[in-house]
Amino acid sequence: MSDLMKTIQPKSDQLNFDDFIGDETKTITISGVKVVNTDQPIELHSHEYPGRPFKPGLTMRRVLIGIWGKSAAGWEGRSLTLYGDPDVMFGKQKVGGIRI
């Protein structure tokens, strides 16, 4: 039987909420942390999704700094489990998002 999940995967340069349709969680191991000057200032690169970093929102960045500290060097090699949360809001609109 054919796996139809491959037909709905988003074409994107980062992990998105849509990547979690049909899957409850994804565990990634951080291979690198990149700080960039954009609205999403942290890119967490992983071994599992090369070329498609997880770009955590403000709340998730606060969680990560709270548990792993403020030095990006200490984050490499650590694993975290992500899940899609359909109740994440952007302004007044429910858009879904990725949570840790």
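Before reading on, note that the structure itself is shown above.
Every value quoted in this text rests on a predicted model; they were computed, and no experiment measured them.

Participant: For the pattern of salt bridges, give the residues involved together with the corresponding values.
Facilitator: Applying the stated criterion across every chain yields a total of four salt bridges. A salt bridge links Lys55 to Glu43; the nearest nitrogen and oxygen atoms lie 3.8 Å apart. Here Glu43 lies in strand E2 (residues 42–46) and Lys55 lies in the loop between E2 and helix H1 (58–68), a separation of 12 residues in the sequence. For the pair shown, Lys55 and Glu43 are each scored as buried. Residue Asp85 is joined to Arg99 by a salt bridge in which the shortest nitrogen-to-oxygen separation is 3.4 Å. Of this pair, Asp85 sits in strand E3 (residues 79–85) while Arg99 is found in strand E6 (residues 97–99), placing the two residues 14 residues apart along the sequence.

Participant: Pulling in residues and values, what's your account of the sheet that holds E3?
Facilitator: Taken together, the four strands give an open sheet; going across it, the order is E2-E1-E3-E6, and neighbouring strands pair in antiparallel fashion. Either end of the sheet is taken by a strand with one partner, and the two such strands are E2 and E6. Neighbour to neighbour, the strand axes of the sheet diverge by 55° on average, direction disregarded. As judged from the three bridges shared by E3 and E6, these two strands associate in the antiparallel manner.

Participant: Could you give an account of the nonpolar core, with specific residues and numbers?
Facilitator: Leu44, Phe54, Leu64, Trp68, Leu80, Leu82 and Ile98 are the most contacted members of the largest nonpolar core, which totals 13 residues. Elements with a minimum of two residues in this core: strand E1 (26–35), E2, H1 and E3. Contact partners of Leu80, with chain neighbours within four places excluded, come to Lys26, Thr27, Ile28, Ile30, Leu44, Phe54, Leu64, Trp68 and Ile100.

Participant: Residues and numbers for the side chain of Gln14, please.
Facilitator: The topology assignment puts Gln14 in the segment before E1. Residue class for Gln14 comes out buried when judged on its relative accessible area of 13%. Of the polar contacts made by the side chain of Gln14, one reaches the side chain of Lys55; its length is 3.2 Å. Among all residues touching Gln14, those that are not within four sequence positions of it are Asp19, Gln40, Arg52, Pro53 and Lys55.

Participant: Could you give an account of H1, with specific residues and numbers?
Facilitator: Listing the buried residues of H1 in full gives Met60, Arg61, Leu64 and Trp68. Taken end-on, H1 shows its buried residues confined to a sector of 105°, consistent with a single buried face. Those residues of H1 that are exposed and angled more than 90 degrees off the buried face are Arg62 and Gly66. In the stretch just after H1, Gly69 is the one whose phi turns positive, near 95°.

Cut-offs and rules
Every chain's residues receive numbers from 1 upward, in the order its sequence appears when written. This being a predicted model, a pLDDT of at least 70 is required before a residue's local features are given, and a value of 80 or more before pairs of side-chain atoms are given or counted; all residues contribute to the totals for chains, interfaces and linings. Values reported for side chains reflect all heavy atoms of the structure, with hydrogen atoms and water molecules removed beforehand. The working definition used for a salt bridge is a side-chain nitrogen of Lys or Arg within 4 Å of a carboxyl oxygen of Asp or Glu. Secondary structure is summarised from DSSP: a helix means a run of H or I of at least four residues, a strand means a run of E of at least two, and numbering begins at the N terminus for each. Each residue's exposure class comes from its accessible area (1.4 Å probe, protein chains only) as a fraction of the maximum for that residue type: buried when under 20%, exposed when over 50%, partly exposed otherwise. Two strands make a pair as long as DSSP finds a minimum of two bridges between them. Axis lines are fitted to C-alpha atoms, over the contacting stretch for helices. Their N-to-C directions set the angle, which ranges from 0 to 180 degrees. Among buried residues, those of type Ala, Val, Leu, Ile, Met, Phe, Trp, Tyr and Cys that are joined through side-chain atoms within 4.5 Å constitute a nonpolar core. Residues are treated as being in contact if the distance between any of their heavy atoms lies within 4.5 Å. Polar contact criterion, stated in full: a pair of N or O atoms within 3.5 Å, where within protein one must be able to donate a hydrogen and the other to accept it, and residues adjacent in sequence count only if both atoms are side-chain atoms. Note that the arc is defined by the directions from the helix axis to the C-beta atoms.

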